[in-house]
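# Observations on chain architecture
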Amino acid sequence: MSAHETDAATGADSSTTGDSKRWIALAIVMTAAFMDLVDATIVNIAIPSIEDDLGAGFGAIQWITAGYALAFAAGLITGGRLGDIYGRKRLFLLGTAGFTLASALCGFAANPEMLVASRLLQGAAAAMMVPQVLSIVHVTFPAHERGKVFGMFGAIVGLGAVSGPLLGALLTEWNIAGLEWRPIFLINLPVGLAALLLGRKYITESKAPKALRLDLVGVLLVTAALLLLIYPLTRGRELDWPLWGHLMMAASPVVFGLLVAYERYKTKKDGSPLVELSLFRVKSFAAGIAVQLTFGIVLGIFFLVWTLYMQIGLGWTALKAGLTGVPFSIAVSMAAGMSVQLLVPRFGRKVLQAGALTMAAGILLYFFAAGRYGAEISPWQMIPALVVMGLGMGLIVAPLTDAVLSEVPKEHAGSASGLINTTGQMGNAIGLGLVSVVFFGVIDDRGPARVPADVADAFTDAFRNSLGWAAVVLGAIFLVMFALPAKPKQHLEGGADDGAAAPVEKEPALAG
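Residues numbered from 1 in each chain as written. Predicted model: local features only at pLDDT ≥ 70, side-chain atom pairs only at ≥ 80, totals over all residues. Heavy atoms only, no water.

## Concerning the overall build of the chain
For clarity, the threshold we go by: The helix and strand labels rest on DSSP assignments: H or I over at least four residues marks a helix, E over at least two residues marks a strand, and numbering proceeds from the N terminus. Note on exposure labels: buried denotes an accessible area under 20% of the residue type's maximum, exposed denotes more than 50%, and partly exposed covers the range between, all computed with a 1.4 Å probe on protein chains only. In this description, contact between two residues means that some pair of their heavy atoms is separated by no more than 4.5 Å. Areas reported here follow the Shrake-Rupley algorithm with a probe of radius 1.4 Å; residue values treat only the protein chains shown as occluding.
What the chain contains, in helices and strands, is 18 helices and 0 strands. Across the 512 residues of the chain, 58% fall into the buried class. At a minimum sequence separation of 6, the contacts of the chain that also span at least 24 residues come to 85%. Carbon and sulfur atoms form 67% of the exposed surface of the chain, whose accessible area is close to 19700 Å².

## As for the packing of helix α12 (residues 283-313) against helix α15 (residues 349-373)
Helix-helix packing is characterised by the crossing angle of the two axes and by the distance between the axes. To be explicit about the condition: Only the stretch in contact is used when fitting a helix axis, every axis being a line fitted to C-alpha atoms; angles between N-to-C directions are given from 0 to 180 degrees. By the definition adopted for this analysis, an angle is roughly parallel if under 35 degrees, roughly antiparallel if over 145, roughly perpendicular if from 65 to 115, and oblique otherwise. Less than a right angle of anticlockwise turn of the near helix away from the far helix marks a crossing as left-handed, whereas a clockwise turn marks it as right-handed. Think of it as three bins: nonpolar holds Ala, Val, Leu, Ile, Met, Phe, Trp, Tyr, Cys and Pro, charged holds Asp, Glu, Lys and Arg, and polar takes everything else, Gly as well.
Between α12 and α15, whose axes approach to 14 Å, the crossing angle comes to 25°. One finds that α12 runs roughly parallel with respect to α15. The two elements α12 and α15 meet at a crossing, and its hand is left-handed. For the pair formed by α12 and α15, the contact residues are Phe295, Leu299, Phe302, Trp306 and Tyr309 on the first element and Met359, Tyr366 and Ala370 on the second. Among the residues making up the contact of α12 with α15, the classes are represented as 8 nonpolar, no polar and no charged.

## Some details on helix α14 (residues 326-347)
For an α-helix the count is 3.6 residues per turn, leaving residues at separations of three or four pointing the same way. Our working rule: Throughout, the bend at a residue refers to the angle made by two axes, fitted to the seven residues ending there and to the seven starting there.
The sharpest bend along α14 comes to roughly 55°, located at Ser339. Within the span of α14, buried status applies to Val326, Phe328, Ser329, Ala331, Val332, Ala335, Ala336, Ser339 and Val344.

## Quick notes on a nonpolar patch on the surface
Inclusion rule: Here the term patch refers to residues with relative accessible area over 30% and no salt bridge, with like charges joined within 9 Å and nonpolar side chains (Val, Leu, Ile, Met, Phe, Trp, Tyr) within 5 Å. Note on definitions: salt bridges are taken to be side-chain nitrogens of Lys or Arg within 4 Å of carboxyl oxygens of Asp or Glu.
A surface patch of nonpolar side chains, amounting to about 240 Å² of accessible area, comprises Leu101, Leu105 and Leu121. Among the structural elements, Leu121 can be located in helix α6 (residues 112-140). Since its relative accessible area comes to 37%, Leu121 is described here as partly exposed.

## Some words on the side chain of Ser284
Relative to the helices and strands, Ser284 resides in helix α12. Ignoring anything within four residues of it in the chain, the contact list for Ser284 reads Val404, Glu407, Ala483, Leu484 and Pro485.

## Brief notes about the confidence of the model for the chain
The test is simple: As a per-residue measure, pLDDT tells how confident the predictor is, with possible values from 0 to 100.
Averaged over every residue, the pLDDT of the chain is 82; residues scoring 70 or more account for 85%. Ignoring residues within four places in sequence, the model shows residues 1-18, a span with pLDDT below 50, making 35 contacts including any to other chains. The low-confidence segment residues 491-512 (pLDDT under 50) makes 85 contacts with residues lying over four places distant or belonging to another chain.

## Overview of the nonpolar core
Selection rule: Definition used in this section: a nonpolar core is a set of buried Ala, Val, Leu, Ile, Met, Phe, Trp, Tyr and Cys residues joined via side-chain atoms within 4.5 Å.
By size, the foremost hydrophobic cluster in this structure holds 106 residues, and its most contacted members are Phe285, Tyr366, Phe439 and Phe463. Looking at this core, the element that brings in the most residues is α12, giving 16 residues. Look past the residues within four positions of Tyr366 in its chain and what remains in contact with it is Phe302, Trp306, Tyr309, Met382, Ala385, Leu386, Met389, Phe463 and Leu467. Judged by nonpolar contacts, the second largest core, of 28 residues, contains Leu76, Phe99, Ala125 and Val149.

## Considerations on the environment of Lys207
As for its position among the elements, Lys207 is in the loop between α9 (188-202) and α10 (216-235). Along the backbone, Lys207 and Leu82 are 125 residues apart, and their C-alpha atoms lie at a distance of 9.5 Å.

## Examining α6
Selection criterion: Here the expected span of a helix is defined as 1.5 Å times the quantity of residues minus one. Residues adjacent in sequence count toward polar contacts only when both atoms are side-chain atoms; beyond that, a polar contact is any pair of N or O atoms within 3.5 Å, and within protein one must be able to donate a hydrogen and the other to accept it.
Taking 1.5 Å per residue, 29 residues should reach 42 Å; α6 reaches 42 Å between its end C-alpha atoms and fits that length. If you look at α6, its biggest bend is around 30°, right at Val133. Of all 29 residues that make up α6, 22 are buried, and the element is covered over most of its length. The N-terminus of α6 is capped by Asn111, whose side-chain oxygen sits 3.2 Å from the backbone nitrogen of Glu113.

Spelled out as C-alpha cells, the structure:
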C-alpha cells in the first residue's frame, strides 16, 4: 500500500505529510510518550520517601507500582480500539487529560489509599493515550519518512529509561517547597497541559473506517483474572496468607479459561474478540508471548526489590541509588541500538538468547557481589554487574517485538502488537505481586530486625534470593527462545490492515 493510500484508508488528511505542522504534532506525541515512560520509571526511586511520608505499608507500596501496570495492561488493547473507532486524536487528548489529572491526584494524595487509586486511574489513562502515539505517527508521515521518525522514537525510549530514575532521585532529594516525593508526579502537570493545548491545534484526526467492535466482556474477564491472582499475592503476606487468598489464586486460571471460551464465541459471533486466539497457532508468536510474560515478571521483581535493597536495606539516599542506576540504563540503550541495527540482521534469534544469558550472568555477578561485600557494598562494586545486566536486557527488549511478529499474518499485526505489550505489562504486575513471596518472605523468616546491621543483612539475603529466582527464570526464557524464528523476516511496517487494531507503542520493560 502506498503512503497516499495508507493515509486515505486511515482517514488522515494527506496534506499534513507535506506540512511542517506534522513535525509539531510529532513533538507533541513524543513528549506525551516521554512523560509516560519517565513516570513509569520515576516512582521506584521515591518509594522509601513515600513510605515515610504517608506511612504506607509494603502492601500499599506494591500496589502503587503494580496498580499502574495492571490498569495499563488491562486497557492497552481497548485503548487502541477506541482510537480506531472514535478517532486517535480524540483518544490521545482524552488520555492525556486523564493522565494529567491523575498525576495531580497522585501529587496531592493524602494517604496510601488515595495514591493507589490515583495510580490506577493514571494507568487507565495511559492505556488510552499511549496506543495512539505510533498510530498518529503512522498516518501523519509518509512511508519514506517513518524510518527516521521511528528511530527518533527509539531515542526517546532510551532517554526516558535513563532519565526517569535520575530525575526521580533529584526531585526527591531537592525536596522542592517541602513537598518531598510529590514533585515526581506534579512535574507532569505543565507537560500535560502543554500537550493538550498544542495537540488540539496541530494533531490531525484519523480513524479506521472498518474498526472492530469493543469487547467489554473480554476486558472484564482478563481484568478479573489478573486481580484474582495479583491481589492475594500482594496482600497475602500482611494478612498471614488467609484461605480466601488461596481460593482467589486458584480461581484465576479458571477465569482465564472462561476468557478463552468467550473469545472463541466472540470470534464466531462478530469476528471482533479482544484476543485473536488464532495468533497462538503461530509457534513463534506463542513462544514470544511466553518470553514477554516471563521477562516482565523478572523485571517487575527486580526493579522494586533493587530500590528497597539500596534505600532501606543499605540506607542509601535516593540520589545515590539513582546515580548507581545510570550505568545500567546507558548499557540498555547502547545494546538496544546495536542489537536492532547491527546484530539481529546478521545473527537472528541468537542475539536474544545471548541477551538472556548475558543478563543472567549479570544477575549472578550481582548475587555474588552482594554476598561478598554485604552492608559495606559500594556503587562501584555494583557497576560491573549492572553494566552486564543492562547489556543483556538491551539485546532482548529492542528486537523482541519484531522477532515475535515476523511470522504473524499481516492482517493481524496490529492486534498482535497490542497483545505483546499487554502481556509484558501483565508480567510486570505479576512480578510486583510476587515480591511478597521472593523478597518479603525471606525478611519475615529472619524475624524482627533490631539494629541497622540486622536490617542490612536481612534485606541483602532477600535481595539475593530474588536475584536467584530471576536467574532461573532467565534460563527458562533462553530455552523458550528456541521457538522463535532463527532469523526474523522483514515485517511490513504498520502491517495491520484497516480493520486491525492500531499498532501499540512498545513500552520499555523498565516500566513499573
